[in-house]
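# Inside the fold
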Amino acid sequence: MQITTIGIIGGGRVGSGVAIVTAKAGLRAILTEKSEELAAAAKDAIVREMDTQIARWGMTESEKKLVLTNLDVGTDLDRSAKAQIIICAIPDNLEEQKSVFRRLTTLCDPETIFTTNATVLSITELATVITHPENMIGLHFLNPVLKTKLVEIVRGFKTSDATYEISKKCVQSLSKRGIEVFESPGFVTTRLILPLLNEAMYALMEGVASAEDIETAMKLGYNMQMGPLEIADRIGLDRVLISMDHLFRE
């Protein structure tokens, strides 16, 4: 399959980041939001992020023009039918994502690959609502998407080898490094980082050390770019809690 167009559902931080790297790679990025207001906000956020990158010498004006040329932001989900790969980057709510995929499976070609950026949802469960469950796979882009080179490529129970190989090549075309992950709660990155964040919070709560010293200990002691408390803040404490609850239940 020749990948020329990627559909992104959801224009939050991750969705907008995926749209930028897609368009920057010379592919068509079709970004869909629920309302005109959210679509406009996503477009503004993308422009601001690129201007920030330009100010830091992380992007050129020519690359910004390329992104804007290849970017299509709107509210009509039907536009996604043009994409060979569709990435659902809305919040990790099982029923909401199922609803999106139910609609997409009636719009898209049988060969279309459906993916989710979810960190705690089951790829296998999401695949139950599409016509060809072998075409469902997880593509977990880590935030911030522009800086983080890693993408977890997550196989569901029925994911085909062809779907995996096409997804891997797509990830490579976006200048990312993909790792193969077999479906498990939290995959690799979320499963391993959340207990660390949780223990850092307990160490702070129990008065073992100050927040600043906990951060310093992990950055200097283990060569981490960010301490665990900063990581938790960047993820969002509400999302950390949701993910921890999921890991506990599963």
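This text gives an overview of the structure that appears in the document.

In this section: the packing of helix H7 (residues 189–205) against helix H10 (residues 237–249). Relative orientation of the contacting elements H7 and H10 amounts to 115°, with a least axis distance of 10 Å. It follows that H7 is roughly perpendicular to H10 by the angle criterion. With respect to the hand of their crossing, H7 and H10 are arranged in left-handed fashion. Residue-level contacts link Thr-190, Arg-191, Leu-194, Pro-195, Leu-197, Asn-198 and Met-201 of H7 to Leu-237, Val-240, Ser-243, Met-244 and Leu-247 of H10. Tallied by class, the residues present in the contact of H7 with H10 amount to eight nonpolar, three polar and one charged.

Sheet architecture is open: eight strands sit in the order E3-E2-E1-E4-E5-E6-E7-E8, paired in mixed fashion. Each end of this open sheet is capped by a strand with a single partner; those strands are strand E3 (71–74) and strand E8 (177–182). Pairwise comparison of adjacent strand axes, ignoring direction, gives a mean angle of 25° for this sheet. Sheet topology note: the strand E6 (residues 136–141)/strand E7 (residues 150–155) ladder contains five bridges and is antiparallel. Its bridge partner lying in E7, Ile-137 is registered against Arg-155. Sitting on the sheet, helix H6 (residues 161–173) touches strand E1 (5–9), strand E4 (85–88), strand E5 (113–116), E6, E7 and E8, and the angle it makes with E7 is about 170°.

Moving on, we get to the pairing of E5. As a general feature of sheets, a regular strand has side chains that alternate between the two faces. Residues Ile-113 and Thr-115 of E5 are buried on one face, and the alternating residues Phe-114 and Thr-116, pointing to the opposite face, are buried as well. Two strands pair when backbone bridges link them, and E4 and E5 are joined in this way by four bridges, in the parallel orientation. Across the sheet, Ile-86 pairs through a bridge with Phe-114, a residue of E5. In this region the chain leaves E4, passes through helix H4 (residues 94–107) and returns to the parallel neighbour E5; the handedness of that crossover is right-handed. One ladder, built from three bridges, connects E5 with E6; its direction is parallel. The partner of Thr-115 across the bridge, within E6, is Ile-137.

Definitions and cut-offs
Residues numbered from 1 in each chain as written. Predicted model: local features only at pLDDT ≥ 70, side-chain atom pairs only at ≥ 80, totals over all residues. Heavy atoms only, no water. Axes fitted to C-alpha atoms, helices over the stretch in contact; angles between N-to-C directions. Helix = DSSP H or I, 4+ residues; strand = E, 2+ residues; numbered from the N terminus. Parallel < 35°, antiparallel > 145°, perpendicular 65-115°, else oblique. Left-handed = near helix turned anticlockwise from the far one by under 90°. Contact = heavy atoms within 4.5 Å. Nonpolar A, V, L, I, M, F, W, Y, C, P; charged D, E, K, R; others polar. Pairing = 2+ DSSP bridges. Buried < 20%, exposed > 50% of the residue type's maximum accessible area, 1.4 Å probe, protein only. Right-handed = clockwise from strand over helix to strand, strands pointing away.

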